[in-house]
Amino acid sequence: MNQEKKNSSGIVINNLYGPKESEQPGEFPYTRGIRKDMYRGKLWTMRQYAGFSTAEESNARYHYLLNQGTTGLSVAFDLPTQIGYDSDHPMSEGEVGKVGVAIDSLRDMETLFQRISLKDVTTSMTINATAATLLAMYVAIAKKQGADLHALGGTIQNDILKEYTARGTYIYPVRASMRLITDVFEWCSIELPKWNTISISGYHIREAGSTAVQELAFTLSNGKAYVEAAQKRGLDIDVFGRRLSFFFNAHNDFFEEVAKFRAARRIWAKLMKNMGASHPEAMMLRFHTQTGGSTLTAQQAENNIARVTIQALSAVMGGTQSLHTNGYDEAFNLPTEKAARIALRTQQIIANESGVSHTVDPLAGSYFVEELTDSMEKEATKIIDHITHMGGSVSAVESGWMQEQIAKSSYETQCNIENGSQIVVGMNAFLGSDEKETPSFSINDTIRIQQIQKIELLKSQRNNQNVSNSLRKLSEIAATETNVMPTILDCVENMATLGEIATALRDVFGEYHP
């Protein structure tokens, strides 16, 4: 894979450019990348975030994407699943299967991954408040398939702090949620040592309206809070630190985004070293990138293909390990198969036709990029230090400070768009009069009825006494300091529903109210 590279003119492209005495890729603090050979050795994982309607329909889309060349699955769950309600709950009405797939039980999860060998793919699941339960379901399927759990690869988002500041799919109070996360850290370190136990997410912070510097600072500050919580539990930073991953946004300011990714690695390496990490892998910031949903326009939707290309290229030039590219039609509906295919082809063209993967950190040494990287580090560090003085991210969230900062930045951006000082092509400038309607993708409103029927059938066939016993045990364990993961797995395998498990924990922890 690491053979000699030449461009179209026959000129040999070296693996690396820059003086030998300068900072090198694969070496602390990893500004230039976490591996010495980066994409010359292995391309980034090409994911397409997908999930809608029923498990059956989402499974069909996964097989389509795998056949088109995706190298990893990325699952979107509907809102009821994310906030711990079964599809038959009154709170679920109107939302079942709408922004992701509806998962009420282990049976749904088995259908979701039907004819997909979990030992042969890595799966990323965008789930937070109910992350422990969805992970338990995934593990239960892997066990049935006979997969080696110690080799199972994937990621659960499991980042609850950003839910309180930017996204809103929380259930429990902040400190109870932090306890669940550290339970997952602890359990996975023994049972699933290759699983990424959290994806610390700046993506949603940026989507809510933050600046690039705020996205960087708030995300790494949240990461610091998770590390400190794990250390208080007595976990080894050099062990769990290797299983932390990050999730960033890529917006349209190409050079700002590249500098953000480079600065993120440098800041995180220094933070982890200061917190006691000594193993190189525990100090490396590994990250997934998704192109910016909030940058997409419903007007002149085809323009979004260009936006996504610029954003994806910034992630690659910034050294991402995994990438999702948005469909051009996602400003107004879930992506059609055509839009998803174009988005995937965008990654494949960048990887195989652009030449940017032939050398490591090709923008290194640019006066502009290096200065911008330094400036991003400086400004983000100021904010991280301020949060530390407040008592850390948990305190900054509970006080509402983080939420307020994001709201201010979001308001300023919207004002700039509305007064025309920030141009959005096709929306507030360069308008067209010959736009054609873009084909849409809609979800059938009968999905909830189908899911309710599945739940009723499940409850008529399972051993309800076993379910009651396992749920009662979960409540008892949750009230202590004992790790809840083994008991959640027991509940799942006894066919307790996601909503029943979430309710058992609600009864102990209570609910978060801003």
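The structure this text deals with has already been given above.
A brief report on the enclosed structure follows. (Residues numbered from 1 in each chain as written. Predicted model: local features only at pLDDT ≥ 70, side-chain atom pairs only at ≥ 80, totals over all residues. Heavy atoms only, no water.)

Examining the sheet that holds strand S5 (residues 123-126)
Pairing within the open sheet is parallel, and its nine strands lie in the order S7-S6-S5-S4-S3-S11-S10-S9-S8. Unpaired on one side and paired on the other, strand S7 (195-196) and strand S8 (198-201) mark the two borders of the sheet. Direction of pairing for S5 relative to strand S6 (residues 154-156): parallel, over a ladder of three bridges. When the sheet's bridge partners are listed, Ser124 is paired in S6 with Thr155. Across the sheet, helix H8 (residues 212-232) lies against S8 and strand S9 (244-250), angled at about 165° from S9, the strand it touches most. (Pairing = 2+ DSSP bridges. Helix = DSSP H or I, 4+ residues; strand = E, 2+ residues; numbered from the N terminus. Contact = heavy atoms within 4.5 Å. Axes fitted to C-alpha atoms, helices over the stretch in contact; angles between N-to-C directions.)

A look at empty space enclosed by the protein
In this structure the tally under the stated criterion is four cavities of 30 Å³ or more. Within this model, the largest cavity holds a volume of roughly 110 Å³. Lining the largest cavity are 17 residues; nearest its centre among them are Asn128, Ala129, Thr130, Ala131 and Leu180. Taken together, the elements giving at least two residues each to the lining of the largest cavity come down to helix H4 (131-145), helix H6 (174-191) and helix H20 (498-509). In terms of residue count, the dominant contributor to the lining of the largest cavity is H6 (four residues). When the residues that make up the lining of the largest cavity are grouped by side-chain class, the tally is twelve nonpolar, five polar and no charged. Taken as a whole, the second largest cavity holds about 90 Å³ of empty space. Along the wall of the second largest cavity there are 14 residues; nearest its centre are Tyr39, Val316, Met317, Gly319 and Asp361. (1 Å grid on protein atoms, 1.4 Å probe; cavity = no way out; pocket = protein on both sides within 12 Å on 5 of 7 lines; lining within 4 Å. Points joined across faces, edges and corners; volume = space filled by probe spheres on them. Nonpolar A, V, L, I, M, F, W, Y, C, P; charged D, E, K, R; others polar.)

Looking at the packing of H6 against helix H19 (residues 485-493)
Running from amino to carboxyl end, H6 crosses H19 at an angle of 85°, the nearest separation of the two axes being 9 Å. On the basis of their axis angle, the class for H6 and H19 is roughly perpendicular. Taken together, the residues of H19 that come into contact with H6 (itself represented by Asp183, Val184 and Trp187) are Met485, Pro486 and Leu489. Across the contact of H6 with H19, the residue classes tally to five nonpolar, no polar and one charged. (Parallel < 35°, antiparallel > 145°, perpendicular 65-115°, else oblique.)

Focus on the pairing of S5
Side-chain alternation along S5 places Thr123 and Met125 on one buried face and Ser124 and Thr126 on a second face that is also buried. Relative to S5, strand S4 (residues 72-76) runs parallel, the two being bridged by four bridges. When the bridges of S5 are listed, Ser74 appears paired with Ser124. Read from S5 through H4 to S6, the crossover connection turns out right-handed. (Buried < 20%, exposed > 50% of the residue type's maximum accessible area, 1.4 Å probe, protein only. Right-handed = clockwise from strand over helix to strand, strands pointing away.)

A few points about the layout of surface pockets
A volume near 780 Å³ is recorded for the second largest pocket. Lining of the second largest pocket is provided by 28 residues; of these, His251, Thr295, Thr413, Ile417 and Gln422 occupy positions nearest its centre. Only helix H7 (203-207) and helix H16 (401-418) provide two or more residues apiece to the lining of the second largest pocket. Element by element, the count of residues in the lining of the second largest pocket is highest for H16, at seven residues. Among the residues making up the lining of the second largest pocket, the classes are represented as eight nonpolar, 14 polar and six charged.

Some points on the pattern of salt bridges
Under the defined criterion, the tally for this structure stands at 28 salt bridges. With a shortest N-O distance of 2.9 Å, Arg206 and Glu215 are connected by a salt bridge. In this pair, the class of Arg206 matches that of Glu215, namely buried. (Salt bridge = Lys/Arg side-chain N within 4 Å of Asp/Glu carboxyl O.)

Focus: the packing of aromatic side chains
Taken as a whole, this structure holds 19 aromatic pairs when the rule is applied. Where Tyr164 meets Tyr170, the ring centres are 5.3 Å apart and the plane angle is 15°; that geometry is what we call stacked. What makes Tyr170 partly exposed here is its relative accessible area of 22%. Ring centres of Phe248 and Phe287 lie 5.7 Å apart, and the angle between their planes is 70°; on these two criteria the pair is classed as edge-to-face. In this pair, Phe248 sits in strand S9 while Phe287 sits in strand S10 (residues 287-291), placing the two residues 39 residues apart along the sequence. Neither residue differs from the other here; Phe248 and Phe287 are each classed as buried. Lying across the ring of Tyr85, Arg506 places its NZ or CZ 4.5 Å from the centre. (Phe/Tyr/Trp six-rings, centres within 6.5 Å; stacked < 30°, edge-to-face > 60°. Lys NZ or Arg CZ within 6 Å of the ring centre and 35° of its normal.)

A word on the environment of Glu163
Here Glu163 is to be found in helix H5 (residues 161-167). Taking the C-alpha atoms as reference points, Glu163 and Ile310, 147 residues apart in sequence, are found 28 Å from one another. Setting aside residues no more than four positions away along its own chain, Glu163 makes contact with Asn128, Gln157, Gly168, Thr169 and Tyr170. A polar contact of 2.5 Å, which involves the side chain of Glu163, links it to the side chain of Thr169. (Polar contact = N/O pair within 3.5 Å; in protein donor to acceptor, adjacent residues only side chain to side chain.)

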